[in-house]
Amino acid sequence: GDSVTQKQGQVTLSEDDFLFINCTYSTTTYPTLLWYVQYLGQGPQLLLKVTTANNKGISRGFEATYDKGTTSFHLQKASVQESDSAVYFCALAEGSWQLIFGSGTQLTVMP
Amino acid sequence: EAAVTQSPRNKVAVTGGKVTLSCNQTNNHNNMYWYRQDTGHGLRLIHYSYGAGSTEKGDIPDGYKASRPSQENFSLILELATPSQTSVYFCASGDAGWGDSAETLYFGSGTRLTVL
């Protein structure tokens, strides 16, 4: 079945560092891929969404590119801030409805 | 602004007891979901609903029931709670929109359940 893999459980950076969070997926379809972010004490919220039509999503300084060749959907940000500390979930949408979430990556940004 | 409210925020239950987690949304979304979040597993779907009166099983429904009495309310019921159900539970409502290839989920703030 469809699946999403995030191998990095935790990432620790300093402010102004470059962020790269790895996400790979497995599916027989052409899904929509998403990143959700969860701040401490809150539920997840949509960060960005990418379809096969547009290939790249950009939001709040974060960027993710849909690479069908490597079946990857990595999240990047040029310069992180302490306020970016959160859990980041990669997700795959089956059809228009159900999401399959990755296990999440805890990002800690040190001041 | 989308609003999903969960209650209670924290709950301690005893093994074998009945637990009801409540969720209310003011978004007028048709779809609602219950997930649990555990370290190393991310978010796993328990039950979902397409509208009032409907409930569907998600990926891990065993030990859980759901109820959708109205558009706004969606409950998760643990008839006989077990320690393995200790987790953080999130409710979400979904807005697919027209021509959208994936709906956006709006999550509540979660309920932390501890089963002793």
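My aim in this report is to walk through the structure given alongside it, one point at a time. (Residues numbered from 1 in each chain as written. Chains lettered and ligands numbered in written order. Predicted model: local features only at pLDDT ≥ 70, side-chain atom pairs only at ≥ 80, totals over all residues. Heavy atoms only, no water.)

## Details of the interface of chain A and chain B
Taken together, the contacts link 21 residues of chain A with 22 residues of chain B. Here chain A and chain B share an interface that buries about 1,700 Å² over both sides, 53% of which is from carbon and sulfur atoms. Inspection of the region where chain A meets chain B yields zero salt bridges. Looking at the side of chain A that touches chain B, the elements with two or more residues in it are β5 (32-38), β6 (45-50), β10 (86-93) and β11 (99-101) of chain A. Ranked by residues supplied to the side of chain A that touches chain B, first place goes to β5 of chain A with four residues. Residue composition of the side of chain A that touches chain B, grouped by class: nine nonpolar, eleven polar and one charged. (Contact = heavy atoms within 4.5 Å. Buried area = accessible area lost by both parts, 1.4 Å probe. Salt bridge = Lys/Arg side-chain N within 4 Å of Asp/Glu carboxyl O. Helix = DSSP H or I, 4+ residues; strand = E, 2+ residues; numbered from the N terminus. Nonpolar A, V, L, I, M, F, W, Y, C, P; charged D, E, K, R; others polar.)

## Let's talk about the sheet that holds strand β9 (residues 75-77) of chain A
Residues and elements named next belong to chain A. Taking strand neighbours across the sheet as the criterion, the four strands line up as β3-β9-β8-β7 in an open arrangement whose pairing is antiparallel. Two strands in the sheet have a free side with no partner beyond their single neighbour: β3 (19-21) and β7 (56-59). Geometrically, the sheet is characterised by an average inter-axis angle of 15 degrees between neighbouring strands, direction not taken into account. Summarising the sheet, β7 and strand β8 (residues 62-65) pair through four bridges and their orientation is antiparallel. Within the sheet, the bridge partner assigned to G57 lies in β8 and is A64. (Pairing = 2+ DSSP bridges. Axes fitted to C-alpha atoms, helices over the stretch in contact; angles between N-to-C directions.)

## A word on the sheet that holds strand β1 (residues 4-7) of chain B
Residue and element names in this part refer to chain B. Spatially, four strands are ordered β1-β3-β8-β7 in an open sheet, and the strand pairing comes out antiparallel. In this open sheet, the two strands that pair with only one neighbour each are β1 and β7 (65-67). The average undirected angle you get between the axes of adjacent strands in this sheet is 20 degrees. One ladder, built from three bridges, connects β7 with strand β8 (residues 75-78); its direction is antiparallel. Looking at the pairing, S67 lines up with S75 of β8.

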